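Chain by chain, the residues run as shown.
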Amino acid sequence: MNAPTTPVTILYFAWIRERVGRSEESLVLPAAIATVADLIDHLAERGGGYASAFVTRRTIRCAVNQEFADQSAAIAPGDEIAFFPPVTGG
Amino acid sequence: MATIKVQTEDFDVSREIAALTAGRSDIGGIGCFVGVVRERAGADQAPEPVAAMTLEHYPGMTERAIARIAEQAEQRFDILGCTVIHRVGTLRTGDNIVLVLAVSAHRQPALDATAFLIDWLKTKAPFWKREEFADGSGAWVDAREADDAAAERWSRDG
């Protein structure tokens, strides 16, 4: 188990990356953040590009440690959390 | 035993078929799907022709996700091997995007596995397409409900 001071890595892809204005960042999770949904709330509160990126939460997909996850998924220090729109490959 | 590649460079279909079938005498059929960049992509509502398409992906997760899809194909269908090659980066109209090959003793598992692989790739692998138009504007392609429906028809436990 990582210490609470271990940061999470947050990755952004496609138009979410464009709105946020970066592709990656590290963040030490405030104690109150336990799930992906909590993290989205926290990021959206930053306003600006973050608020714009997370305005329609229904369309946001996420992965925790490179596995697709629901927004209700638990997150912990050291995790890699990615936000992206529905995939459009193939 | 699946061959999985995510790459910027083009692929040669004949060479990939030869690699998948080399040294084997038990293969009786080869399923093949090649996806290419269309002039009117997206949901066909684009007001003008697409000049280029850029494919973004999630390095690390992409390969894992495709490996898992290939494992599912090998469990569900009686195939002897498969190949998935997905290009990333900037592509032009007519360029290859994706190659799916599946081989089996008889035709049906190869055909079914090929359809399964491309249907699941479209909805369960982290790629995103951005279309660029001649005037320099661009737009991210929206996910299509038809693709979700196509993937759903294979749903048994996933």
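Definitions and limits used
Residues numbered from 1 in each chain as written. Chains lettered and ligands numbered in written order. Predicted model: local features only at pLDDT ≥ 70, side-chain atom pairs only at ≥ 80, totals over all residues. Heavy atoms only, no water. Helix = DSSP H or I, 4+ residues; strand = E, 2+ residues; numbered from the N terminus. Buried < 20%, exposed > 50% of the residue type's maximum accessible area, 1.4 Å probe, protein only. Contact = heavy atoms within 4.5 Å. Lys, Arg positive; Asp, Glu negative; His and termini not counted. Charge placed at Lys NZ, Arg CZ, Asp CG, Glu CD. Rg over C-alpha atoms; globule rule 2.2 N^0.38 Å. Areas by Shrake-Rupley, 256 points an atom, 1.4 Å probe, with all protein chains shown as cover. Buried area = accessible area lost by both parts, 1.4 Å probe. Salt bridge = Lys/Arg side-chain N within 4 Å of Asp/Glu carboxyl O. 1 Å grid on protein atoms, 1.4 Å probe; cavity = no way out; pocket = protein on both sides within 12 Å on 5 of 7 lines; lining within 4 Å. Points joined across faces, edges and corners; volume = space filled by probe spheres on them. Nonpolar A, V, L, I, M, F, W, Y, C, P; charged D, E, K, R; others polar. Phe/Tyr/Trp six-rings, centres within 6.5 Å; stacked < 30°, edge-to-face > 60°. Lys NZ or Arg CZ within 6 Å of the ring centre and 35° of its normal.

### Looking at the overall build of chain B
And step 1. Within chain B one finds four helices and eight strands.
And step 2. Secondary structure of chain B in N-to-C order comes out as β-α-β-β-α-β-β-β-α-β-β-α.
And step 3. Burial analysis of chain B (158 residues in total) assigns 46% to the buried set.
And step 4. Sequence-distant contacts in chain B: of pairs separated by 6 or more residues, those separated by 24 or more amount to 76%.
And step 5. In chain B, which carries 18 positive and 25 negative side-chain charges, the distance between the mean positions of the two groups comes to 3 Å.

### A short note on the overall build of chain A
And step 1. Counting its secondary structure elements, chain A contains three helices and five strands.
And step 2. Beginning at the N terminus, the succession of helices and strands in chain A can be written as β-α-β-α-α-β-β-β.
And step 3. Since a compact globule built from 90 residues should have a radius of gyration of about 12 Å, the 12 Å found for chain A is in line with a globular shape.
And step 4. Based on the C-alpha atoms only, the size of chain A along its principal axes is roughly 35 × 30 × 20 Å.
And step 5. Counting only residues that meet the buried cut, chain A has 44% of its 90 residues in that class.
And step 6. When the accessible surface of chain A is summed, it comes to about 4,200 Å², and 51% of that surface belongs to carbon and sulfur atoms.
And step 7. Side chains of chain A carry 7 positive and 10 negative charges; the gap between the two charge centres is 9 Å.

### Structural notes on the interface of chain B and chain A
And step 1. Between chain B and chain A, the residue contacts involve 25 residues of the former and 20 residues of the latter.
And step 2. Interface area, chain B with chain A, both sides summed: about 1,900 Å², of which 55% is carbon and sulfur.
And step 3. Summed over the shared surface of chain B and chain A, the number is four salt bridges.
And step 4. Of the charged contacts, one joins E67(A) and R64(B) as a salt bridge, the two residues approaching to 2.9 Å between their closest N and O atoms.

### Let's talk about the layout of surface pockets
Over the atoms rolls a probe the size of a water molecule, and its path tells where empty space is left.
And step 1. Approximately 870 Å³ is the volume attributed to the largest pocket.
And step 2. In terms of lining, the largest pocket is formed by 38 residues, of which the most central are V87(A), T88(A), K122(B), A143(B) and D147(B).
And step 3. Among the elements that take part in the lining of the largest pocket, helix α4 (residues 145-152) of chain B stands out by supplying five residues, more than any other.
And step 4. Across the lining of the largest pocket, the residue classes break down as 16 nonpolar, nine polar and 13 charged.
And step 5. Its volume calculated, the second largest pocket comes out at about 240 Å³.
And step 6. Taken together, twelve residues form the lining of the second largest pocket, with F68(A), A65(B), R68(B), I69(B) and K124(B) sitting closest to its centre.
And step 7. Looking at the lining of the second largest pocket, the element that brings in the most residues is helix α2 (residues 61-76) of chain B, giving six residues.
And step 8. Tallied by class, residues from the lining of the second largest pocket come to five nonpolar, three polar and four charged.

### Here we look at the pattern of salt bridges
And step 1. Applying the stated criterion across every chain yields a total of 14 salt bridges over all chains.
And step 2. Note that R15(B) and D12(B) form a salt bridge whose closest N and O atoms lie 3.9 Å from each other.

### Topic: the packing of aromatic side chains
And step 1. For the structure shown, the criterion picks out twelve aromatic pairs over all chains.
And step 2. Judged by centre distance (5.0 Å) and plane angle (15°), the ring pair of F13(A) and W128(B) falls under stacked. Highlighted residues: F13(A) in the loop between β1 (8-12) and α1 (14-20) and W128(B) in strand β7 (residues 127-133), drawn from two different chains. For the pair formed by F13(A) and W128(B), the shared burial category is buried.
And step 3. With a centroid separation of 4.7 Å and an interplanar angle of 40°, the aromatic rings of F116(B) and W120(B) are classed as tilted. A residue pair is termed a helical-turn pair when its members lie 3 or 4 positions apart in one helix, as F116(B) and W120(B) do in helix α3 (residues 107-124) at four residues.
And step 4. For F116(B), a relative accessible area of 0% corresponds to the buried category.
And step 5. Joined through ring pairs, the aromatic side chains of F13(A), F68(A), F84(A), Y58(B) and W128(B) make up one cluster.
And step 6. R46(A) extends its terminal NZ or CZ atom over the ring of Y50(A), reaching a point 4.7 Å from the ring centre.
And step 7. One cation-aromatic arrangement involves K124(B) over W120(B); the distance from NZ or CZ to the ring centre is 4.6 Å.

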